Amino acid sequence: MRSDGDSWDITTSVGSTALFVATARALEAQKADPLVVDPYAELFCRAVGGSWADVLDGRDPDHELKSEDFGQHFVNFQGCRTRYFDAYFERAAAAGVRQVVILAAGLDSRAYRLPWPEGTTIFELDQPQVLDFKRQVLAEHGAQPRAERREIAVDLRDDWSQALRDKGFDPERPSAWIAEGLLIYLPATAQEALFTGIDALAGPGSHAAIEEGAPLPRDEYEAKVAAERADPDAGQRPFFQLVYNEQCAPATEWFGRRGWTAVGTPLNDYLREVGRPVPGPDSEATPMFSRITLVSAAKS
Ligand code: SAM
């Protein structure tokens, strides 16, 4: 379970979720018809090795990401959400935004992967050991960012906005923000503070993109946590023990009330839009997928 101020590296606790979604992106990239190709994801998996690399080489057929019931859908989900947020950044850049803030950057490789316009600065926030791992792996491979990239090592449950300004973020200029795969790992109070921080620092012409997951009913959530604890060797990595299962408010409502134009797209709708199957009613992926919304918001 989580505790105030807990921290992690790339293979432990919440840090390993960054590796898990990167592994899914690497598997998506292996398909004949990938929704998106993230060539850096594979480098991270191979740097850690073990099952993280084996699954890419077909040496771990029992890996969670290979299961028909959950894994294959999860890989589609990651391809789908990466494409959604790549398109969001393309729109923000086309609208003239040159400051990008990636909250909980994890192993997000967009600074290296997307064709940023000249003069773009990308601020990446995450826990210090996660940023250390990412920097070391990319440096070993000689990867060069395609924009000015600045790291900010923080706990996003604390006040991070001053650290961002200290690194040169200018609230007077428009910015594009992303919170992808983050909110579920924050308590509702920190989600509220995060939204408030974005709204305070985002000048006119700014954009925000958010992935959110509605919480499970309390009794269902507690049963899932109990099941994970009772059988830690079940082959499933802990998930319910890492999330707070809280939501301060749906992002479309929160930002809408503050003058932003916010549009939410349910994950399952976007899966259909990009031609990937929606998990069936009995699928293990359905409770998760049916709760996720991808949100894009703009401040005029
Ligand atoms: N956004 C990345 C992506 O989609 O590939 C990473 C998502 S990963 C599922 C969750 C990330 O959130 C991890 O990198 C983790 O370190 C970061 N994270 C979660 N809670 C955090 C906190 N309190 N402070 C800083 N980073 C946090």
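Analysis parameters
- Residues numbered from 1 in each chain as written.
- Predicted model: local features only at pLDDT ≥ 70, side-chain atom pairs only at ≥ 80, totals over all residues.
- Heavy atoms only, no water.
- Pairing = 2+ DSSP bridges.
- Helix = DSSP H or I, 4+ residues; strand = E, 2+ residues; numbered from the N terminus.
- Axes fitted to C-alpha atoms, helices over the stretch in contact; angles between N-to-C directions.
- Core = buried A, V, L, I, M, F, W, Y, C linked by side-chain atoms within 4.5 Å.
- Buried < 20%, exposed > 50% of the residue type's maximum accessible area, 1.4 Å probe, protein only.
- Contact = heavy atoms within 4.5 Å.
- Salt bridge = Lys/Arg side-chain N within 4 Å of Asp/Glu carboxyl O.
- Phe/Tyr/Trp six-rings, centres within 6.5 Å; stacked < 30°, edge-to-face > 60°.
- Expected span 1.5 Å × (residues − 1).
- Near = heavy atom within 4 Å.
- Polar contact = N/O pair within 3.5 Å; in protein donor to acceptor, adjacent residues only side chain to side chain.
- Areas by Shrake-Rupley, 256 points an atom, 1.4 Å probe, with all protein chains shown as cover.
- Nonpolar A, V, L, I, M, F, W, Y, C, P; charged D, E, K, R; others polar.

A. Spotlight on the sheet that holds strand β5 (residues 207–213). On the basis of which strands lie adjacent, the open sheet formed by seven strands has the order β3-β2-β1-β4-β5-β7-β6 and mixed pairing. Unpaired on one side and paired on the other, β3 (148–153) and β6 (260–266) mark the two borders of the sheet. When strand polarity is set aside, the average angle formed by the axes of neighbouring strands in this sheet is 15 degrees. Pairing of β5 with strand β7 (residues 292–299), which is carried by seven bridges, proceeds in the antiparallel orientation.

B. Molecular detail of the nonpolar core. Ranked by size, the top nonpolar core spans 64 residues in total, and within it Phe44, Phe74, Phe89 and Leu107 carry the most contacts. Element by element, the count of residues in this core is highest for helix α4 (residues 71–94), at nine residues. In this view, Phe89 contacts Val100, Arg110, Leu114, Trp116, Ala176 and Ile178; residues no more than four positions away in its chain are not counted. With 31 residues, the next largest nonpolar core counts Val154, Trp160, Ala202 and Val295 among its residues.

C. Up close: the pattern of salt bridges. One pass over the structure, following the stated rule, counts 27 salt bridges. In this structure, the salt-bridge partner of Asp86 is Arg113, at a minimum N-O distance of 2.9 Å. Here Arg113 lies in helix α5 (residues 110–113) and Asp86 lies in helix α4, a separation of 27 residues in the sequence. The residue Arg135 makes a salt bridge to Glu151 at a minimum N-O spacing of 2.8 Å. Placement of the pair is Arg135 in helix α6 (residues 128–140) and Glu151 in strand β3, with a sequence separation of 16 residues. Look at the salt bridges and you will find they share partners, linking Arg81, Asp86, Asp108, Arg110, Arg113, Glu180 and Glu211 into a network.

D. How the structure looks around the packing of aromatic side chains. Summed over all chains, the structure comprises 18 aromatic pairs. Taken together, a centroid distance of 5.5 Å and an interplanar angle of 25 degrees make the contact between Phe70 and Phe74 stacked. Look at Phe74 and Phe77: their rings are 5.4 Å apart centre to centre, the planes differ by 90 degrees, and that puts the pair in the edge-to-face class. Here Phe74 and its partner Phe77 are both found in helix α4, three residues apart, which amounts to about one turn of the helix. Neither residue differs from the other here; Phe74 and Phe77 are each classed as buried. Through a chain of ring-to-ring contacts, the aromatic side chains of Phe20, Phe70, Phe74, Phe77 and Phe289 assemble into a single cluster.

E. Geometry of α4. Given a rise of 1.5 Å per residue, 24 residues ought to cover 34 Å, and the 35 Å separating the end C-alpha atoms of α4 matches this to within 8%. Counting buried positions along α4 gives 18 out of 24 residues, so the element sits mostly inside the fold. Downstream of α4 by one or two residues, Gly96 has phi in the positive range, about 105 degrees.

F. How the structure looks around the site of the ligand. What surrounds the ligand is a group of 22 residues, the closest being Arg81, Ala104, Asp126, Leu156 and Glu180. A distance of 2.9 Å is found between an oxygen atom of the ligand and a side-chain nitrogen or oxygen belonging to Arg25. With respect to the ligand, the side chain of Asp126 contributes an N or O atom lying 2.6 Å from an oxygen atom. Contact with the protein chains covers 99% of the free accessible surface of the ligand, which is 590 Å². Looking at the shell around the ligand element by element, the count peaks at four residues for helix α1 (residues 15–29). Residue composition of the shell around the ligand, by class: twelve nonpolar, four polar and six charged.

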